[in-house]
Amino acid sequence: MVSSILFGVFIFLLLIGAPITVALGMAAMATFSFLGIDLTTLVQVAYNGVNSFPIMAVPSFILAGALMQYSGIARRLVSFAEELAGPMTGGMAASTVLACMFFGAISGSGPATTAGVGMLMIPAMIKRGYDKSYASAITASSGGLGVVIPPSIPMVIFGVTASESITKLFIAGVIPGICLSAGIMLMNYFLCKKRGYKGDAHGWSILSILKKMKEGFWALMAPVVILGGIYSGLFTPTEAAVVSIFYTLFVGLFIYKELRLKYFLKSLDDTTWLSGRVLIIMFTAQAFGRLLVQYRIPYAIADALLSFTGNVVIIWLLVIVFLLILGMFMETLATIMLVTPVLLPIMTHLGVDPIHFGIVLVCCCEVGFETPPLGENLFIASGIGGTTIEEISLLALPFTFVEVVTILLVAFVPFLSLWLPGIMGF
């Protein structure tokens, strides 16, 4: 009866168009009322769920990403990535993928990466003769790398929800993130060759690359400082998020001298809005998840699934398809907080490492950023490129396909996500 009320109210509210936060909160509230539990308990449960030290990393990484757009760091990262791509077929689009990797290594957010890189690269690609829809599609598809390339806000959320090491998750995400990037760049090469998009006519120049590296030295050092500090044990991921803010402020104010007061205030405004949105989702998802665990709903689902089949390959396929579909309709953080208590017990029962499962989960969420109807990156890229969601969605399909293939590879070859943490002693 409890599960019927919880899921019944939740699904009904989603079907009538209620925001995911409202659906989660109202479903939990209706269930608490049915059980005769004081609603103040609901607030206490939700508050305790977000009142944790690791959660502090979320607004900090969001602020660091916002500041990076106005401090000159983002522009120099993009410029260096463009120089690396050189005369390669589709080089400008390939440099967009590289720029998203660099940007993602600081911002930890898919939409922030799409916005930060897209503002610079989409107009530049259009100017070089790229179709505006294709330029927007490659940016939207690459922007999702911001949640796989560490540091990653969704990985922080999974680590908190599953009580797993966030540092280990960050390390485990490196190789899958590189694999996803390589897959997108390979597909981009074939598509650009077919469309006739040439690279830079000036060719590669070691001197030009070194010059761009020198100009962007402090920008390129940002991921090194942040990730190096985490992996070396110098500071925790939460402390790294705060370090990234001060590093970006120092570089923007005293080295590049491009960060102005109005941009700083704009960054604070963006961070407040995004952080509030994230925390409200977490607040309601915690209350919803508490009921799931308390009434052993995940275990009932696990028993039902395992009675259907005990084949780990089939279950992996079912889980990945489920996550990809869910990502089309639900926000990433809500997805992670809802499915983790349901699916993690199933996968660990089958012998899957929780870190391995977390990486596959985050990779599936990455695809959700570029698949309609929710697809946040699509909306951002559409606004920047001045094209329709339908056009971008169609052109993003080849990139989505190669990302799904990569996810299957990561799922069935645990070595890709567990090797690096193993050799680093985690």
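Up top you'll find the structure we're talking about.
Described in the following lines is the structure provided in the data block. Since this is a predicted model, take the numbers as computed values, not measurements.

1. Some details on the packing of aromatic side chains
Then, number 1: Inspection of every chain in the model, using the stated rule, returns ten aromatic pairs.
Then, number 2: With a centroid separation of 5.2 Å and 0° between ring planes, the pair formed by Tyr 70 and Tyr 263 is classed as stacked. Linking Tyr 70 in helix α4 (residues 57-70) with Tyr 263 in helix α15 (residues 261-294), this pair joins segments that are 193 residues apart in sequence.
Then, number 3: Here Phe 217 and Trp 218 contribute two aromatic rings whose centre-to-centre distance is 5.3 Å and whose plane-to-plane angle is 80°, an arrangement assigned as edge-to-face.
Then, number 4: Given the relative accessible area of 39%, Phe 217 is considered partly exposed.

2. Structural notes on empty space enclosed by the protein
Then, number 1: All chains considered together, the criterion is met by one cavity of 30 Å³ or more.
Then, number 2: By volume, the largest cavity amounts to about 40 Å³.
Then, number 3: Gly 327, Met 330, Glu 331, Thr 332, Cys 365, Gly 368, Phe 369, Leu 374, Gly 375 and Glu 376 are the residues that line the largest cavity.
Then, number 4: Among the residues forming the lining of the largest cavity, the class breakdown is four nonpolar, four polar and two charged.

3. Quick notes on helix α20 (residues 376-385)
Then, number 1: When we look at burial in α20, the residues that qualify are Glu 376, Asn 377, Leu 378, Ala 381, Ser 382 and Gly 385.
Then, number 2: The first or second residue beyond α20 is Gly 386, which carries a positive phi of 70°.

4. With respect to the layout of surface pockets
Remark: the empty space left among the atoms is shown by a probe the size of a water molecule rolled over them.
Then, number 1: There is about 590 Å³ of room inside the largest pocket.
Then, number 2: Of all elements in the fold, only α4, α7 (110-127), α9 (153-162), α15, α18 (332-349) and α20 reach the threshold of two or more residues within the lining of the largest pocket.
Then, number 3: At eight residues, the largest contribution of residues to the lining of the largest pocket is made by α15.
Then, number 4: In terms of residue class, the lining of the largest pocket is made up of 16 nonpolar, six polar and five charged.

5. Quick look at helix α11 (residues 174-195)
An α-helix turns once per 3.6 residues; consequently, residues spaced three or four apart project the same way.
Then, number 1: Between its terminal C-alpha atoms α11 stretches 31 Å, which fits the 32 Å expected from 22 residues at 1.5 Å a residue.
Then, number 2: Looking at α11, one finds that the buried residues are Ile 175, Pro 176, Gly 177, Leu 180, Ser 181, Gly 183, Ile 184, Met 187, Asn 188, Leu 191 and Cys 192.
Then, number 3: Note on α11: the residue one or two positions beyond its end, Gly 196, has a positive phi of about 80°.

6. Considerations on the packing of α9 against α18
Then, number 1: Direction vectors running N to C along α9 and α18 enclose 35°, while the axes themselves pass 10 Å from each other. Two packed elements cross with a definite hand, and for α9 against α18 that hand is right-handed. Counted together, Ile 153, Pro 154, Ile 157, Phe 158, Thr 161 and Ala 162 of α9 and Thr 332, Leu 333, Ile 336, Met 337, Thr 340, Pro 341 and Leu 344 of α18 form the full contact between these two elements.
Then, number 2: For the contact of α9 with α18, the per-class residue count stands at ten nonpolar, three polar and no charged.

7. Some words on the environment of Leu 35
Then, number 1: By the secondary structure assignment, Leu 35 is in the loop between α2 (20-34) and α3 (39-50).
Then, number 2: Non-local contacts of Leu 35, meaning those with residues more than four positions away in its chain, are made with Val 2, Leu 291 and Tyr 295.

8. Considering the nonpolar core
Then, number 1: One finds Phe 10, Tyr 134, Ile 157 and Phe 357 to be the most contacted residues of the largest nonpolar core, which totals 131 residues.
Then, number 2: Broken down by element, the residue count for this core peaks at eleven residues, all from α18.
Then, number 3: Ranked by size, the runner-up nonpolar core spans six residues in total, among them Leu 63, Ala 64, Leu 67 and Leu 249.

9. With respect to the packing of helix α8 (residues 132-143) against α20
Then, number 1: Across the interface, α8 lies against α20 with an axial gap of 9 Å and an inter-helix angle of 145°. In this structure, the crossing between α8 and α20 has a hand that is right-handed. Mapping the contact onto sequence places Lys 132, Ser 136, Ala 140 and Gly 143 in α8 and Asn 377, Leu 378, Ala 381 and Gly 385 in α20.
Then, number 2: Taken together, the residues that form the contact of α8 with α20 break down as three nonpolar, four polar and one charged.

Scoring rules and cut-offs
- Residues numbered from 1 in each chain as written.
- Predicted model: local features only at pLDDT ≥ 70, side-chain atom pairs only at ≥ 80, totals over all residues.
- Heavy atoms only, no water.
- Phe/Tyr/Trp six-rings, centres within 6.5 Å; stacked < 30°, edge-to-face > 60°.
- Helix = DSSP H or I, 4+ residues; strand = E, 2+ residues; numbered from the N terminus.
- Buried < 20%, exposed > 50% of the residue type's maximum accessible area, 1.4 Å probe, protein only.
- 1 Å grid on protein atoms, 1.4 Å probe; cavity = no way out; pocket = protein on both sides within 12 Å on 5 of 7 lines; lining within 4 Å.
- Points joined across faces, edges and corners; volume = space filled by probe spheres on them.
- Nonpolar A, V, L, I, M, F, W, Y, C, P; charged D, E, K, R; others polar.
- Expected span 1.5 Å × (residues − 1).
- Axes fitted to C-alpha atoms, helices over the stretch in contact; angles between N-to-C directions.
- Left-handed = near helix turned anticlockwise from the far one by under 90°.
- Contact = heavy atoms within 4.5 Å.
- Core = buried A, V, L, I, M, F, W, Y, C linked by side-chain atoms within 4.5 Å.

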